[in-house]
Amino acid sequence: MRTQRQIVDYALRRKALLRRFHAGLVETEEVCDAGPYLRRAAKFHGQPTETTCPVCRKELLTEVSWIYGDELKHAAGSARTPDELAKMANLFEEFNVHVVEVCRSCGWNHLVQSYVLGTHGVRPHRSRSRSRRTAAE
């Protein structure tokens, strides 16, 4: 997305948690605790991935994007599809997106990435026809 900025990747935190889980230091209930709201959001608003669940290894993970920000009012804290995010990025000055991976089978979930979207600090694209000058100009 054109306005995506302040990207934070949580891959190292995920890797450390899975290492502790596979070593038996973390219980399954601690990592497979996706609630019904998160699982429903994955079903209706999520994007399927090509990554198999690292816990149950039965199903491909789904990524769900959650939005937060004062300007969003009642929409804050809701899940949105990539198409909705693209539209919202042009409508709102600034809001945060948190991408969570979810296994709809066992309930594994983990924050994958967070970033900021919106028009704040982004110059609008000028039409090429307007920015071109003729020899007379």
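In this report, the structure presented in the accompanying data block is examined. What you are looking at is a predicted structure, and each value in this text was computed from that prediction instead of being measured.

1. Some words on the overall build of the chain
Point 1. Looking only at helices and strands, the chain features five helices and six strands.
Point 2. N-terminal to C-terminal, the α/β element order of the chain is β-α-α-α-β-β-β-α-β-β-α.
Point 3. Within the chain, the fraction of its 137 residues that count as buried is 34%.
Point 4. By sequence separation, contacts in the chain at least 24 residues apart represent 61% of the contacts at least 6 residues apart.
Point 5. Here the chain displays about 9,300 Å² of accessible surface, and carbon together with sulfur accounts for 48% of that area.

2. Let's talk about the pairing of strand S6 (residues 109–117)
Point 1. Direction of pairing for strand S1 (residues 5–9) relative to S6: antiparallel, over a ladder of three bridges. Bridging from a neighbouring strand, Val8 pairs with Ser114 of S6.
Point 2. Relative to S6, strand S5 (residues 95–102) runs antiparallel, the two sharing eight bridges. By the bridge assignment for S6, His98 is matched with Ser114.
Point 3. A loop of six residues connects S5 with S6, the two strands running antiparallel in sequence, and Gly107 in this loop sits at a positive phi of about 95°.

What counts, and at which threshold
- Residues numbered from 1 in each chain as written.
- Predicted model: local features only at pLDDT ≥ 70, side-chain atom pairs only at ≥ 80, totals over all residues.
- Heavy atoms only, no water.
- Helix = DSSP H or I, 4+ residues; strand = E, 2+ residues; numbered from the N terminus.
- Buried < 20%, exposed > 50% of the residue type's maximum accessible area, 1.4 Å probe, protein only.
- Contact = heavy atoms within 4.5 Å.
- Areas by Shrake-Rupley, 256 points an atom, 1.4 Å probe, with all protein chains shown as cover.
- Pairing = 2+ DSSP bridges.

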